[in-house]
Amino acid sequence: MRAISGLWRWRRNPLRRATDLAEAWVALVTLVLIAAAAPAIGALAGAAAEGSLQRAVREQQHSRHLVTAVVVRRLGGAPVDNDPDTSTARDAHSRVLADWTAPDGTRRHGATLVDLKSPHHGDHFGLWTDAHGRISTRPLDSPTATTHAVLAGIGAALLTAGLVDGGRRLIVWRMVRRRYARWDQAWDRAGPDWGKAGTGS
């Protein structure tokens, strides 16, 4: 990392410029922020995501119900994968017309996807619905929610580290630009006399 290489400017050297020392300070602050702030922000973001996702898990497990459906007949056409996170949708082989009873006791009838390779009339399969029997996706489970929260925390930490290092790069770039501008001004002052007798050339 360039931030670590910037620390060499701390060494005592008669040729060390004030800007070299400033770059060393910027590198040190960057390292401290990446080492301390990035993990802290990642942990906070992960904890917030965990809380939110676990609430969603509880809500979905309360509002979604697994009922037993019965195949009426197989329907033509390719199945549509509407929920890639569920094994049922991922492994779906057939689209069928089915009957089921909603948790509130009402009878329901409609098209759905099943993981049966060759569904026949009367075959039974599990179907997720809401309280009124409308087809729903499988509820999010707690381990999956925790995995998503961990990934969110890692992403937040990496984003923080990237932003801090990006800020360091911007500051160093501006320092270098200012240094070059001063060099140009010094060359402009020395330019008219450069190479003339008595100028020390």
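Fair warning: this is a prediction, and the values are worked out from it, not measured in the lab.

Caption draft 1: Broad picture of the overall build of the chain. Tallying secondary structure elements over the chain gives four helices and four strands in all. For the chain, the α and β elements follow one another from N to C terminus as α-α-β-α-β-β-β-α. Residues classed as buried in the chain amount to 28% of the 201 residues present. Considering only intrachain contacts with a sequence separation of at least 6, the fraction spanning at least 24 residues in the chain is 65%. Summing over all exposed atoms, the chain offers an accessible surface of approximately 13,200 Å²; the carbon and sulfur share of this is 60%.

Caption draft 2: The arrangement of the nonpolar core in detail. If you look at the biggest cluster of nonpolar residues, it comprises nine residues: V67, A69, V71, V96, A98, W100, V114, F125 and L127. Going through the elements one at a time, strand 1 (65-75), strand 2 (94-101) and strand 4 (124-129) are the ones with two or more residues in this core. In contact with V67, not counting residues within four places along its chain, are W100, T101, P103, F125, G126, L127 and T129.

Caption draft 3: Highlighting the sheet that holds strand 4. Within the open sheet, the four strands sit side by side as 3-2-1-4. Their pairing is antiparallel. At either margin of the open sheet sits one strand with a lone partner, and together these are strand 3 (107-114) and strand 4. With direction set aside, neighbouring strand axes in the sheet form an average angle of 45 degrees. Where strand 2 meets strand 3, eight bridges bridge the pair, whose relative direction is antiparallel. Among the inter-strand pairings, R95 is bridged to a residue of strand 3, identified as L113.

Caption draft 4: Expanded view of the side chain of T112. Locating T112 in the fold gives a position in strand 3. Judged by relative accessible area, T112 falls into the buried class, the value being 9%. In this view, T112 contacts S94, R95, V96, A98, F125, L127 and I135; residues no more than four positions away in its chain are not counted.

Caption draft 5: Structural context of a nonpolar patch on the surface. Where nonpolar side chains cluster on the molecular surface, the patch consists of W25, L28, V29, V32 and L33 and spans about 430 Å² of accessible area. As for its position among the elements, L33 is in helix 2 (residues 18-63).

Caption draft 6: Structural detail: a positive patch on the surface. A cluster of like positive charges, contributed by R174, R177, R178 and R182, occupies part of the molecular surface. By the secondary structure assignment, R177 is in helix 4 (residues 142-190).

Caption draft 7: Fine view of the confidence of the model for the chain. Scored by pLDDT, the chain comes out at a mean of 81, with 77% of its residues at no less than 70. Averaged over each element, pLDDT in the chain is lowest for helix 3 (residues 87-90) (44) and highest for strand 4 (92). In this model, residues 86-90 is a region of pLDDT below 50 whose contacts with residues beyond four sequence positions or in other chains number nine contacts.

Conventions adopted
Residues numbered from 1 in each chain as written. Predicted model: local features only at pLDDT ≥ 70, side-chain atom pairs only at ≥ 80, totals over all residues. Heavy atoms only, no water. Helix = DSSP H or I, 4+ residues; strand = E, 2+ residues; numbered from the N terminus. Buried < 20%, exposed > 50% of the residue type's maximum accessible area, 1.4 Å probe, protein only. Contact = heavy atoms within 4.5 Å. Areas by Shrake-Rupley, 256 points an atom, 1.4 Å probe, with all protein chains shown as cover. Core = buried A, V, L, I, M, F, W, Y, C linked by side-chain atoms within 4.5 Å. Pairing = 2+ DSSP bridges. Axes fitted to C-alpha atoms, helices over the stretch in contact; angles between N-to-C directions. Patch = residues over 30% accessible without salt bridge, like charges linked within 9 Å, V, L, I, M, F, W, Y side chains within 5 Å. Salt bridge = Lys/Arg side-chain N within 4 Å of Asp/Glu carboxyl O. Lys, Arg positive; Asp, Glu negative; His and termini not counted. Charge placed at Lys NZ, Arg CZ, Asp CG, Glu CD. pLDDT = per-residue confidence, 0-100.

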